[in-house]
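Architecture at a glance
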Amino acid sequence: MNPVGIAIGWILSEAGPLTNGIFVAISAGTFVYIASVEVIVEEFNIDRNKWAKFTMFCFAILFICSIWFIEKLTEGD
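Anyway, here's the lowdown on the structure attached to this text. (Residues numbered from 1 in each chain as written. Predicted model: local features only at pLDDT ≥ 70, side-chain atom pairs only at ≥ 80, totals over all residues. Heavy atoms only, no water.)

Focus on the overall build of the protein
Quick reminder of the rule: Segments assigned H or I by DSSP are reported as helices when at least four residues long, segments assigned E as strands when at least two residues long, and all are numbered from the N terminus. The buried label applies to any residue whose accessible area, calculated with a 1.4 Å probe on protein chains only, is under 20% of its type's maximum; exposed applies above 50%, and partly exposed to all values in between. Here the accessible surface of atoms and residues is derived via Shrake-Rupley with a 1.4 Å probe, and residues count as covered only by protein chains that are part of the display.
Helix and strand counts for the protein come out as three helices and zero strands. Listing each helix as α and each strand as β along the protein from the N terminus yields α-α-α. Put simply, the protein has 77 residues, and 0% of those count as buried. By element, 73% of the accessible surface of the protein is carried by carbon and sulfur atoms, the whole surface being about 7000 Å².

What follows is the structure, encoded as structure tokens:
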């Protein structure tokens, strides 16, 4: 399936910003779904270092949000 996905992406890469945005949203949603259903739930079920994991999880969310804010602040430049 990987080569098929690459071919579809290559063909549709010049289709316009709307099509590009739709495919980026689908891929981002896939990563969020896998992270929230598979990885995070399994990691937090283990009691070892639960608070350290939670702290790093919150730090990661803040980091991603800060990147978004920096992008929005420098968008006009």
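Observations concerning a nonpolar patch on the surface
How we decide: Candidate patch residues must exceed 30% relative accessible area and have no salt bridge, after which like charges are joined if within 9 Å and Val, Leu, Ile, Met, Phe, Trp or Tyr side chains if within 5 Å. For this analysis, a salt bridge means a side-chain nitrogen from Lys or Arg found within 4 Å of a carboxyl oxygen belonging to Asp or Glu.
On the surface, a cluster of nonpolar side chains totalling about 950 Å² of accessible area is made up of Met1, Val4, Ile8, Ile11, Leu12, Leu18, Ile22, Phe23 and Ile26. Of all the secondary-structure elements, those providing two or more residues to the nonpolar patch are helix 1 (2-11) and helix 2 (17-45). A total of four residues in the nonpolar patch trace back to one element, the largest contributor, which is helix 2. When you line up the elements, Val4 lands in helix 1.

With respect to the environment of Asn49
In this fold, Asn49 is placed in the loop between helix 2 and helix 3 (50-73). Classification of Asn49 as partly exposed rests on a relative accessible area of 48%. Once the C-alpha coordinates of Asn49 and Ile34 are considered, the two residues, 15 residues apart in sequence, prove to be 22 Å apart.

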